Amino acid sequence: LSMATLYVAIKTTERVAIGSEFLAQMSRGAYTKNDIEKVEMELLKGLEWRVNPPTAMQFICHILSLVVRGAGLDDDALARVLDESAFQAENAVRDYGLSQERQSSVAMAAMFNAAEVLDTDLRRDYLFQLSEVLDVNFAHPRELQRTRVRLR
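What comes next concerns the included structure.

About the criteria used
- Residue positions are given per chain, counted from 1 along the sequence in the order it is written.
- With pLDDT at 70 or above as the cut-off, local features in this predicted model cover only qualifying residues; side-chain atom pairs require 80 or more to be listed or tallied, and sums for whole chains, interfaces and linings still use all residues.
- Only hydrogens and water are set aside when side-chain values are computed; all heavy atoms of the structure are taken into account.
- Here, nonpolar core means buried Ala, Val, Leu, Ile, Met, Phe, Trp, Tyr and Cys residues that are tied together by side-chain atoms lying within 4.5 Å of each other.
- Each residue is placed in one exposure class: buried if its accessible area under a 1.4 Å probe, protein chains only, is under 20% of its type's maximum, exposed if it is over 50%, and partly exposed if it falls in between.
- Strands are runs of DSSP state E lasting at least 2 residues, helices are runs of H or I lasting at least 4, and numbering of each runs from the N terminus.
- Contacts: residue pairs with any heavy atoms within 4.5 Å of one another.
- Whenever a carboxyl oxygen of Asp or Glu lies within 4 Å of a side-chain nitrogen of Lys or Arg, that contact is scored as a salt bridge.
- Polar contact is defined as a pair of N or O atoms within 3.5 Å, subject to the rule that within protein one atom must be able to donate a hydrogen and the other to accept it, and that residues adjacent in sequence are counted only when both atoms are side-chain atoms.
- Here a helix's expected span is defined as the number of its residues, less one, multiplied by 1.5 Å.
- This arc corresponds to the set of directions leading from the helix axis out to the C-beta atoms.
- Only the contacting stretch of a helix is used when fitting its axis, a line to C-alpha atoms as for every element, and angles between N-to-C directions run 0 to 180 degrees.
- Here is the rule for angles: anything less than 35 degrees is roughly parallel, anything more than 145 is roughly antiparallel, 65 through 115 is roughly perpendicular, and the remaining ranges are oblique.
- By definition, any crossing whose near helix is turned counterclockwise from its far helix by less than a right angle is left-handed, and any crossing with a clockwise turn is right-handed.
- Residue polarity follows a fixed list, in which Ala, Val, Leu, Ile, Met, Phe, Trp, Tyr, Cys and Pro are nonpolar, Asp, Glu, Lys and Arg are charged, and the others, Gly among them, are polar.

## Looking at the nonpolar core
Core analysis: the biggest nonpolar cluster contains 28 residues, and Tyr126 and Leu130 have the highest contact counts within it. Mapped onto this core, the elements with two or more residues apiece are α4 (56-71), α5 (75-92), α7 (103-114), α8 (120-134) and α9 (141-151). With 8 residues, the single largest contributor to this core is α7. Non-local contacts of Leu130, meaning those with residues more than four positions away in its chain, are made with Ile63, Val67, Met108, Met111 and Phe112. In this structure, Met3, Tyr7, Leu23 and Ile36 belong to the second largest nonpolar core, which totals 5 residues.

Now the structure itself:
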């Protein structure tokens, strides 16, 4: 159970997930890959799949890692975007309506709003990279716009 619990915790909170095969190797033969995966499934079913979903801040960190290179953000610009995004995500917690939104939508809205801290050229490249990420099954643009306005 302990290895499966560790496996679930890593998968839900860490930036990089490790495989069950690696955990089996860490156990030095005490558990197999299949043992860990079987107990993981039992654990998740027992919890009725109620594990903590990623927070807006976790989404922000993951999305920024996808955007930073393509947008050409230097360390200073990245820090400003991260600070402003984090500020807005933290404020979202105080708004009941925003607390009901998908955390990925809150994160994206905060990141779009944070573009205002960038110079014009960087802002354009940053927004372009964000829109590329948006292509992947995020909120409807109207929902995202509503969330952006509420965050301000």
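From this point, the discussion proceeds with the structure in view.
## A closer look at the pattern of salt bridges
With the rule as written, the count across this model stands at 8 salt bridges. Here Asp95 ties to Arg150 by a salt bridge, and the two come within 2.6 Å at their closest N and O atoms. One end of the pair, Asp95, is in the loop between α5 and α6 (96-99); the other, Arg150, is in helix α9, and 55 residues separate them in sequence. By relative accessible area, Asp95 is classed as partly exposed at 21%. Between Asp125 and Arg124 there is a salt bridge, and its shortest N-O distance comes to 3.5 Å. Taking relative accessible area as the criterion, Arg124 reaches 52% and is therefore assigned exposed. Residues joined in a network through salt bridges with shared partners are Asp121, Arg124 and Asp125.

## Brief notes about the side chain of Gln129
Here Gln129 shows up in helix α8. Residue class for Gln129 comes out buried when judged on its relative accessible area of 18%.

## What about the environment of Tyr7?
Inspection of the secondary structure puts Tyr7 in helix α1 (residues 2-13). By relative accessible area, which is 8% here, Tyr7 ends up buried. Separated by 30 residues in the primary sequence, Tyr7 and Glu37 place their C-alpha atoms 8.9 Å from one another. Other than its neighbours up to four places away in sequence, Tyr7 contacts Ile18, Gly19, Ser20, Leu23, Ile36 and Glu40. In this structure the side chain of Tyr7 is engaged in a polar contact, spanning 3.4 Å, whose partner is the backbone nitrogen of Ser20.

## Digging into α1
With 12 residues, α1 ought to run about 16 Å at 1.5 Å a step, and its terminal C-alpha atoms sit 16 Å apart, in line with that. Of all the positions in α1, only Met3, Ala4, Tyr7, Val8 and Ile10 are classed as buried. For α1, the angular spread of the buried residues around the axis is 165°, confining them to a single face.

## Describing the packing of α4 against α8
To describe two helices that pack against each other, one gives the angle between their axes and the distance between the axes. It is at 9 Å that the axes of α4 and α8 come closest, and there the two elements cross at 135°. Between α4 and α8, the angle is such that the two are oblique. The element α4 and its partner α8 pack so that their crossing is right-handed. Residue-level inspection shows Ile63, Leu64, Leu66, Val67, Gly70 and Ala71 of α4 in contact with α8, the latter providing Leu122, Asp125, Tyr126, Gln129, Leu130 and Val133. Across the contact of α4 with α8, the residue classes tally to 9 nonpolar, 2 polar and 1 charged.

So yeah, pure geometry; function would need other evidence.
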